[in-house]
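These are the residues of each chain, in order.
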Amino acid sequence: EAQVTQNPRYLITVTGKKLTVTCSQNMNHEYMSWYRQDPGLGLRQIYYSMNVEVTDKGDVPEGYKVSRKEKRNFPLILESPSPNQTSLYFCASSFRTPVLYEQYFGPGTRLTVT
Amino acid sequence: SQKIEQNSEALNIQEGKTATLTCNYTNYSPAYLQWYRQDPGRGPVFLLLIRENEKEKRKERLKVTFDTTLKQSLFHITASQPADSATYLCALEKDTDKLIFGTGTRLQVFP
């Protein structure tokens, strides 16, 4: 089954404690992306990757890091989480640019930073 | 700045009627527009992509229009069913490799 998986699904942490949210896709997609979704603000892109070892900033990259060492994985790293990073996070992938190709979203990770 | 507007108020309609959702945008001219469905607590699911030269696209009970003069897309669900209840997001080409999403409109279909 074609899918994007994320772990963990729910996470409560404290300010400053480094965390990683994993994302994996099994469709051999080149493009992967992280979004955050907040009430009234919609989905906003954090980082994206066009292919292995190629990453770029989205609209709200501050406080986040990513890496793309393998085609299937695209982890999101919060080096020092802060309460304003409390949000619902989605990983997504598409064959190539999401402008032209269907984007598949993961189930989401609900992060709370206290 | 680039802006997408979707009606933040929920749309409530009766089963069997046609639901029409609106997506308006300002300050740019995308060549591609998409619609997604999102159920509570789940990731968005892609529905349709329309190009600027297509004007209208259909998929089963769904129809999307794209009016580049009005800077507007309309999303129609005909013969709506309670199972169509969800939030619908429009997304537009922001640049070559990025989409910008609207905040979505929640549709509630009552039996």
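Remember, predicted model here, so these are calculated numbers, not experimental data.

1. Describing the nonpolar core
Next, step 1: By size, the foremost hydrophobic cluster in this structure holds 24 residues, and its most contacted members are Ile 4, Trp 35, Phe 75, Ile 77, Tyr 88, Leu 92 and Leu 107 of chain B.
Next, step 2: Listing elements by their share of this core, those giving two or more residues are β3 (19-26), β4 (32-38), β5 (45-51), β7 (62-67), β8 (72-77), β9 (86-95) and β11 (105-110) of chain B.

2. Digging into the pairing of β9 of chain B
Residue and element names in this part refer to chain B.
Next, step 1: Counting buried positions over the 10 residues of β9 gives 8, a clear majority of the element.
Next, step 2: Pairing analysis gives 6 bridges linking β4 to β9, with the strands arranged antiparallel. Within the sheet, the bridge partner assigned to Trp 35 lies in β9 and is Cys 90.
Next, step 3: Of the pairings in the sheet, the one linking β9 to β11 comprises 3 bridges and is antiparallel in character. Among the inter-strand pairings, Ala 86 is bridged to a residue of β11, identified as Leu 107.
Next, step 4: Note: β9 against strand β10 (residues 98-101), 4 bridges, orientation antiparallel. Directly across from Ala 91, in β10, lies its bridge partner Phe 101.
Next, step 5: Counting the residues between successive antiparallel strands, the hairpin from β9 to β10 contains 2 residues.

3. Considering the sheet that holds strand β1 (residues 4-7) of chain A
Residues and elements named next belong to chain A.
Next, step 1: In spatial order, the strands read β1-β3-β8-β7; together these 4 strands make up an open sheet with antiparallel pairing. Single-partner strands in this sheet number two, and they are β1 and β7 (65-66).
Next, step 2: In the sheet, β7 pairs with strand β8 (residues 76-78) via 2 bridges, with the strands oriented antiparallel. In the sheet register, Lys 65 faces β8, and the bridge partner there is Ile 77.

4. Focus on the sheet that holds β8 of chain B
All names here are of chain B.
Next, step 1: Spatially, 5 strands are ordered β1-β3-β8-β7-β6 in an open sheet, and the strand pairing comes out antiparallel. The two strands at the open ends of the sheet, each matched to only one other strand, are β1 (3-6) and β6 (56-59). Mean inter-strand twist for the sheet, computed between neighbouring axes without regard to direction, equals 15 degrees.
Next, step 2: Here 4 bridges tie β1 to β3, and the two strands are oriented antiparallel to one another. Across the sheet, residue Glu 5 finds its bridge partner in β3, namely Asn 24.

Reading guide: rules and limits
Residues numbered from 1 in each chain as written. Chains lettered and ligands numbered in written order. Predicted model: local features only at pLDDT ≥ 70, side-chain atom pairs only at ≥ 80, totals over all residues. Heavy atoms only, no water. Core = buried A, V, L, I, M, F, W, Y, C linked by side-chain atoms within 4.5 Å. Buried < 20%, exposed > 50% of the residue type's maximum accessible area, 1.4 Å probe, protein only. Helix = DSSP H or I, 4+ residues; strand = E, 2+ residues; numbered from the N terminus. Pairing = 2+ DSSP bridges. Axes fitted to C-alpha atoms, helices over the stretch in contact; angles between N-to-C directions.

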